[in-house]
Number of protein chains: 2
Amino acid sequence: MNTIENYSKMIEKEIAAFSFPTSPANLYDPLRYFMTLGGKRMRPMLTLMSAKLFHKSEAESMYAALAVELFHNFSLIHDDIMDEAPLRRAKQTVHKKWNSNIAILSGDVLFVKAYELICKNPTHLIPALMQVFNRTAIEVCEGQQMDMDFETRNDVSSDEYIEMIRLKTSVLLGCALEMGAIIGETSIENRKALYDFGVHLGIAFQIQDDLLDLYGNPEKVGKKVGGDVLANKKTLLSILAKSKASEEQITQLASLQNEQNEDEKLAQTLSVFESLQIHDHCKIEMSKHYLFAMAALSSMSDSIASQELEELADYLFHRDY
Amino acid sequence: MNTIENYSKMIEKEIAAFSFPTSPANLYDPLRYFMTLGGKRMRPMLTLMSAKLFHKSEAESMYAALAVELFHNFSLIHDDIMDEAPLRRAKQTVHKKWNSNIAILSGDVLFVKAYELICKNPTHLIPALMQVFNRTAIEVCEGQQMDMDFETRNDVSSDEYIEMIRLKTSVLLGCALEMGAIIGETSIENRKALYDFGVHLGIAFQIQDDLLDLYGNPEKVGKKVGGDVLANKKTLLSILAKSKASEEQITQLASLQNEQNEDEKLAQTLSVFESLQIHDHCKIEMSKHYLFAMAALSSMSDSIASQELEELADYLFHRDY
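Predicted, not measured: the structure shown is a model, and the values here were computed from it.

Rules of the game
Residues numbered from 1 in each chain as written. Chains lettered and ligands numbered in written order. Predicted model: local features only at pLDDT ≥ 70, side-chain atom pairs only at ≥ 80, totals over all residues. Heavy atoms only, no water. Helix = DSSP H or I, 4+ residues; strand = E, 2+ residues; numbered from the N terminus. Rg over C-alpha atoms; globule rule 2.2 N^0.38 Å. Buried < 20%, exposed > 50% of the residue type's maximum accessible area, 1.4 Å probe, protein only. Contact = heavy atoms within 4.5 Å. Areas by Shrake-Rupley, 256 points an atom, 1.4 Å probe, with all protein chains shown as cover. Lys, Arg positive; Asp, Glu negative; His and termini not counted. Charge placed at Lys NZ, Arg CZ, Asp CG, Glu CD. Buried area = accessible area lost by both parts, 1.4 Å probe. Salt bridge = Lys/Arg side-chain N within 4 Å of Asp/Glu carboxyl O. Polar contact = N/O pair within 3.5 Å; in protein donor to acceptor, adjacent residues only side chain to side chain. Nonpolar A, V, L, I, M, F, W, Y, C, P; charged D, E, K, R; others polar. Expected span 1.5 Å × (residues − 1). Least-squares fit on C-alpha atoms with pLDDT ≥ 70 in both. Axes fitted to C-alpha atoms, helices over the stretch in contact; angles between N-to-C directions. Parallel < 35°, antiparallel > 145°, perpendicular 65-115°, else oblique. Left-handed = near helix turned anticlockwise from the far one by under 90°. Bend = angle between axes of the 7 residues up to and from the residue. Core = buried A, V, L, I, M, F, W, Y, C linked by side-chain atoms within 4.5 Å.

A few points about the overall build of chain A
Step number 1: A tally of regular secondary structure across chain A gives 16 helices and two strands.
Step number 2: For a compact globule of 321 residues, the expected C-alpha radius of gyration is about 20 Å, and chain A comes in at 20 Å, within 12% of that figure.
Step number 3: Put simply, chain A has 321 residues, and 54% of those count as buried.
Step number 4: Long-range contacts, defined as pairs at least 24 residues apart, comprise 75% of the intrachain contacts of chain A with a sequence gap of at least 6.
Step number 5: Here chain A has roughly 13900 Å² of accessible surface; of this, 49% comes from carbon and sulfur atoms.
Step number 6: Looking at chain A, you have 32 positive and 46 negative side-chain charges, and the mean spots of the two groups are 5 Å apart.

As for the interface of chain B and chain A
Interface size is commonly expressed as the accessible area that is lost once the parts come together.
Step number 1: Each side of the interface is counted separately: chain B has 37 residues, and chain A has 37 residues.
Step number 2: Each partner contributes to the roughly 3200 Å² buried at the junction of chain B and chain A, and carbon and sulfur atoms together form 75% of this total.
Step number 3: Linking chain B with chain A are zero salt bridges, by the criterion used here.
Step number 4: Along the contact surface separating chain B from chain A lie eight residue pairs in polar contact (both at pLDDT 80 or more).
Step number 5: Contributions of two or more residues to the side of chain B that touches chain A are made by α2 (25-35), α4 (58-82), α6 (100-118) and α7 (126-151) of chain B.
Step number 6: Ranked by residue count, the leading element in the side of chain B that touches chain A is α7(B), at 14 residues.
Step number 7: When its residues are assigned to classes, the side of chain B that touches chain A shows 23 nonpolar, eight polar and six charged.

Concerning α7(B)
Step number 1: Given a rise of 1.5 Å per residue, 26 residues ought to cover 38 Å, and the 38 Å separating the end C-alpha atoms of α7(B) matches this to within 8%.
Step number 2: The element α7(B) is extensively covered by neighbouring structure, given that 21 of its 26 residues are classed as buried.

Thoughts on the relation of the copies chain B and chain A
Step number 1: Structural alignment of chain B on chain A gives an RMSD of 0.0 Å, achieved by rotating through 180° and translating 0.0 Å along the axis. Each copy turns onto its partner about a two-fold axis.
Step number 2: When the interface residues of chain B are mapped onto chain A, 100% of them are again interface residues, pointing to one common binding face.

Topic: the packing of helix α4 (residues 58-82) of chain A against α6(B)
Step number 1: For the pair α4(A) and α6(B), the least separation of the axes is 9 Å and the interaxial angle reads 160°. Judged by the inter-axis angle, α4(A) sits roughly antiparallel to α6(B). In this structure, α4(A) meets α6(B) at a crossing whose hand is left-handed. Taken together, the residues of α6(B) that come into contact with α4(A) (itself represented by A:Phe74, A:His78, A:Ile81 and A:Met82) are B:Asn101, B:Ile104, B:Leu105 and B:Asp108.
Step number 2: Class assignment for the residues of the contact of α4(A) with α6(B) results in five nonpolar, two polar and one charged.

Some points on the side chain of A:Asn121
Residue and element names in this part refer to chain A.
Step number 1: Locating Asn121 in the fold gives a position in the loop between α6 (100-118) and α7 (126-151).
Step number 2: A polar contact of 3.0 Å, which involves the side chain of Asn121, links it to the backbone oxygen of Ile118.
Step number 3: Those residues in contact with Asn121, other than ones at most four positions away along the chain, are Glu60, Tyr63, Ala64, Ile126, Leu129 and Ile183.

Observations regarding α4(A)
All names here are of chain A.
Step number 1: An ideal rise of 1.5 Å per residue puts 36 Å on 25 residues; α4 measures up with 35 Å between its terminal C-alpha atoms.
Step number 2: Taken as a whole, α4 carries its principal kink of about 25° at Ala64.
Step number 3: Within α4, 22 of the 25 residues are buried, leaving the element largely enclosed by the surrounding structure.
Step number 4: Two residues or fewer after α4 comes Glu84, characterised by a positive phi angle close to 50°.

Things to note about the nonpolar core
Step number 1: Judged by nonpolar contacts, the single largest core of 223 residues is most densely connected at A:Phe197 and B:Phe197.
Step number 2: Ignoring any residue separated from it by four or fewer positions in sequence, one finds A:Phe197 in contact with A:Leu177, A:Ala293, A:Met294, A:Ala296, A:Leu297, A:Leu309 and A:Ala313.

Brief notes about the pattern of salt bridges
Step number 1: For the structure shown, the criterion picks out 28 salt bridges over all chains.
Step number 2: A salt bridge links A:Asp155 to A:Arg153; its shortest N-O distance comes to 2.9 Å.
Step number 3: The class for A:Asp155 is exposed, based on a relative accessible area of 56%.
Step number 4: A salt bridge links B:Lys113 to B:Glu116; its shortest N-O distance comes to 3.6 Å. Remark: B:Glu116 and B:Lys113 occur in helix α6; sequence separation between them is three residues, near one turn of the helix.
Step number 5: The class for B:Lys113 is buried, based on a relative accessible area of 11%.
Step number 6: Beyond isolated ion pairs, a larger network of salt bridges with shared partners links A:Glu12, A:Arg41 and A:Glu69.

Quick look at the structure:
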């Protein structure tokens, strides 16, 4: 997809050119390191694409796009501390390469840098941009807290799980798109449509992630199949399974949590999931949000050419598995 | 001082009325707890006083005042993690009462709440408020990083130390005052004068803190004398002593770091400091910044009635010792 590649290159170039001060080195070296670890840069791309719908150039929407990307990276740096994650994009996380204190503080600075970028937009747009950005930042924190709370809970419902992924990951996609729409100075209705498109796309994308972990083609997904099951991670699959299982199956799933033989654990879990049609239930939930996303897009006034966004959604959702 | 007490009550009332969401409880309970631990509320008071100089009511400057106080508390919550501090205002710190992850995340949310408060100001003032606030937030992080870096360095100069306290603590006083001036819609010159007043007052205040720790009246200071010396903490006193000491005294100070007898350690350190006139050198440095602060105040155009600010400075600097 040429367009997506072009956007991606543009964003990488801007990030590479982004200059952090040299001193204190322990504050800014981690940011130089982390910001260039790569990633799909999907969020800033959404901002650029959204603004483009309203005939605003990439130059006009780049500050907002970068602000979203910086915020995303700030939240990754802090989440990695909380999750004790050693690796991010196959490289050491900031708290591993330096230490937790440095990761906390350099994360904080990156967050302020995101706000600085927002303030580089035309003055009359700043209040609206700030409003969406602040609300989203708070929701992302709430989602991360819910995720941490879920670790010690055994009664998480699928609705709660969807709400958690909505907050933790999806609203930021909505925010990225809405910020582009604000820069495009379009109607409140179009802003809302693009926001909803992003949120539902994000939820669908996360459900797809849960599905791919167990049912994906390992060559295309790029990691071992069943990692979530082996780690006893709460996913939509495991939550739905628990809610639909018979008492006997609940006991079986509970004892499988302690199964040491990985092949056995995967095979038995898959067998329970199959009898409960977990794959199909998840796929229905995913499709529902994908359709909500598409409906939001087509609700936009004046049949705005949103081919690029549809292509992006398509691109994100045609990973075979 | 009646005026200061009035301001203080007004601010406490607003903070008590500040409502955080109930859920997720692990995100917002720590904030409800920490924000009501008290403190002098000096920073928001400066914002209210500053705006008052330009005939703006407390109602008009309260959002900015609270934003500064929330930011200050955010930075305390994160600093307490980094410093592994068990207590803050004689109560458990957030990371002790809950855990580090919760302290990181609730700190992050508090930071966003500060930005939300800034955005409640009249639209045309938001860009200027944001600019000062962002710059200050970054500087505070830089100061905290410098402070952490100093822990493992043996060659910190007094200039570097003053720069560290300027960034870590003093610029926020300047910011508090400048935000009041922005709300007052006064000239750039007055904004700068008030900012400089705050920064130099802050530096003088920190130096006074270093002095009081060793030379203060324990009954008035409210803590044991010499805590910094006993903890081998880098202060302006210890840094100046090192820079002025003879080779013999440097050796003596170095070996005193390992002295287990506290009375002996204090007595010998005091004796070295006395021979080097450390108290006087520090007091000169403190007075210099106090005078800079007063000069900034009197540079303000139209001889604006700044009696309240002078009284506040007076109040802060007449703690006997």
